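Close look at the chain arrangement
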Amino acid sequence: MQSQYQQEPYLEQKTPEQLAEEEILLKAVKRRALRKRISDLIIKGILLLILLVIIATVGAGYLIYQRKPFKEGNLRISGLHDQVKVTYDNFSVPHIAANDEHDLFFAFGFAAAQDRLFEMDVARRLAQGRLSEVFGEKTLDLDRMFLTLGFARIASVTVPKLDADTRLALEAYAEGVN
């Protein structure tokens, strides 16, 4: 009579060498599977990175194209008294032809702002001693210096003393900027 705990006849007994060999083969198969998963992940990551670079490039190009200054065609702007012609040379320098000084300075302000609004804002903040509002602590020394020089204070005292023609020209320029 056979014991119920005795091995079934169809299961063969393996030697320790065979068991070690099977274990080595199993580890090799697992390593290959792991390498395949890792290489698949790397390939997918590279493809995703390429896709993101393409999307970013197209998006940046679109934004740059959309924000390009208006330099060709006709544009209707409220605030002008008459028609103004603005042409740009090969160096993007605006040349303005207007029928009166108000329109000339208005168009000049408009052209300057569309090309250099950020630069104008930084220069204004610098003169007022307020760069740190945008750039943080690294510009505190500049703010202190320009507050000490008092350009904003000097401007607030000087502007009311300007003659009417100069003040009108500055106001037209500011209208064009805004």
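Right, let's walk through the structure included here. (Residues numbered from 1 in each chain as written. Predicted model: local features only at pLDDT ≥ 70, side-chain atom pairs only at ≥ 80, totals over all residues. Heavy atoms only, no water.)

**Quick word on the environment of F108**
Mapped onto the elements of the fold, F108 is located in helix 2 (residues 101-128). Note: C-alpha distance between F108 and A174 (66 residues apart in sequence) is 9.5 Å. With near-sequence residues (within four places) excluded, F108 lies in contact with I96 and Y173. (Helix = DSSP H or I, 4+ residues; strand = E, 2+ residues; numbered from the N terminus. Contact = heavy atoms within 4.5 Å.)

**Comments concerning the packing of aromatic side chains**
All told, the structure shown has 2 aromatic pairs when counted by the stated rule. On the basis of an interplanar angle of 50° and a centroid distance of 5.4 Å, the ring pair of F108 and Y173 is categorised as tilted. You can see F108 sitting in helix 2 and its partner Y173 sitting in helix 6 (residues 164-177), a full 65 residues away along the chain. Taking relative accessible area as the criterion, Y173 reaches 22% and is therefore assigned partly exposed. (Phe/Tyr/Trp six-rings, centres within 6.5 Å; stacked < 30°, edge-to-face > 60°. Buried < 20%, exposed > 50% of the residue type's maximum accessible area, 1.4 Å probe, protein only.)

**Points about the layout of surface pockets**
Over the atoms, a rolling probe the size of a water molecule traces out where space has been left empty. Empty space within the second largest pocket amounts to approximately 310 Å³. Along the walls of the second largest pocket sit 13 residues, with M120, D121, A123, R124 and Q128 positioned nearest its centre. Top element by residues in the lining of the second largest pocket is helix 2. It accounts for 7 residues. Considering only residue class, the lining of the second largest pocket consists of 9 nonpolar, 2 polar and 2 charged. (1 Å grid on protein atoms, 1.4 Å probe; cavity = no way out; pocket = protein on both sides within 12 Å on 5 of 7 lines; lining within 4 Å. Points joined across faces, edges and corners; volume = space filled by probe spheres on them. Nonpolar A, V, L, I, M, F, W, Y, C, P; charged D, E, K, R; others polar.)

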